[in-house]
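Okay, here's what each chain looks like letter by letter:
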Amino acid sequence: LYIPKTIADIEIPTFINGWFLGVDVSPENKNFKSIDNSLFTFDGKKLVCCKTSNDGYVVPEGTEIIGASALKFVNGTIIIPASVKQIDDLYGLSRMGVRVRTAKGTFAEEFARNNNIKCELVLENGEIEIFEPKKEEISFNRTLNGFAF
């Protein structure tokens, strides 16, 4: 995918539907840039869209915002640095086949806990602590008309 210099705004849900193999941005575009085939704002602070990967993704240090639907094409372990202070992609992080890894005490840990997302927390000594979300129990009650939850 090529982003010319004239593109100033992109909305990911309508922008891409399917495999996203990477992006090339015009050097004259002052709004976006490509880092390792993923799309970022020009200042590198917001991840707009990550290339398709079944091997996970490492969000670059210095990234502060993970945009809406930015990780929708990534499976595996997504490593989120402490620099991230805003995550707008609940769908991308809460899907089956996705694991979040971040340092303990980061915004990403708080986001995972608040949204019941399994998270691997890297402790200062390098050990991993696992946060397992609470599983909701569903009970079935038999009624005359069938089943009720």
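Along each chain, numbering runs from 1 in the same order as the chain's sequence is written. Local features in this predicted model are restricted to residues of pLDDT 70 or higher, and side-chain atom pairs are both shown and tallied only at a pLDDT of 80 or more, whereas totals for entire chains, interfaces and linings draw on every residue. Remark: hydrogens and water are excluded; side-chain values derive from all non-hydrogen atoms of the structure.

A closer look at the side chain of T102
Secondary structure is summarised from DSSP: a helix means a run of H or I of at least four residues, a strand means a run of E of at least two, and numbering begins at the N terminus for each. You can see T102 is positioned in strand β10 (residues 98-103). You can call T102 buried: its relative accessible area is 2%. Whether two residues touch is decided by their heavy atoms; if any such pair falls within 4.5 Å, the residues are in contact. Those residues in contact with T102, other than ones at most four positions away along the chain, are I80, A108, E109, C119, E120, L121 and V122. When accessible area is computed with a 1.4 Å probe and restricted to protein chains, residues below 20% of their type maximum are described as buried, those above 50% as exposed, and intermediate ones as partly exposed.

Topic: the sheet that holds strand β11 (residues 119-122)
Strands are treated as partners if at least two bridges between them are detected by DSSP. Spatially, the 5 strands line up as an open sheet ordered β6-β8-β10-β11-β12, and their pairing is mixed. In this open sheet, the two strands that pair with only one neighbour each are β6 (57-58) and β12 (128-131). Sheet topology places β6 next to strand β8 (residues 76-80); 2 bridges connect them, and they run parallel. What sits directly across from V58, in β8, is I79.

Description of the nonpolar core
Residues enter a nonpolar core if they are buried and are Ala, Val, Leu, Ile, Met, Phe, Trp, Tyr or Cys, with the set joined through side-chain atoms within 4.5 Å. Formed by 23 residues in total, the largest nonpolar core has its most connected members in L71, I80 and L93. Where this core is concerned, the elements lending two or more residues are β8, β10, α3 (107-114) and β11. Looking at which element gives the most residues to this core, the answer is α3, with 3 residues. Residue contacts for L93: discarding those within four places in its chain leaves L71, I78, I80, I87, V98, V100, F111 and I117. Within the second largest apolar cluster, 9 residues are counted, among which are I3, I10, F32 and F73.

Quick word on the sheet that holds strand β4 (residues 38-41)
Strand order in the open sheet formed by 5 strands is β3-β4-β5-β7-β9, with mixed pairing between adjacent strands. Each edge of the open sheet carries a strand with a single partner, namely β3 (32-35) and β9 (86-87). When strand β5 (residues 46-49) meets strand β7 (residues 65-66), the two strands line up parallel, connected through 2 bridges. What sits directly across from L47, in β7, is I66.

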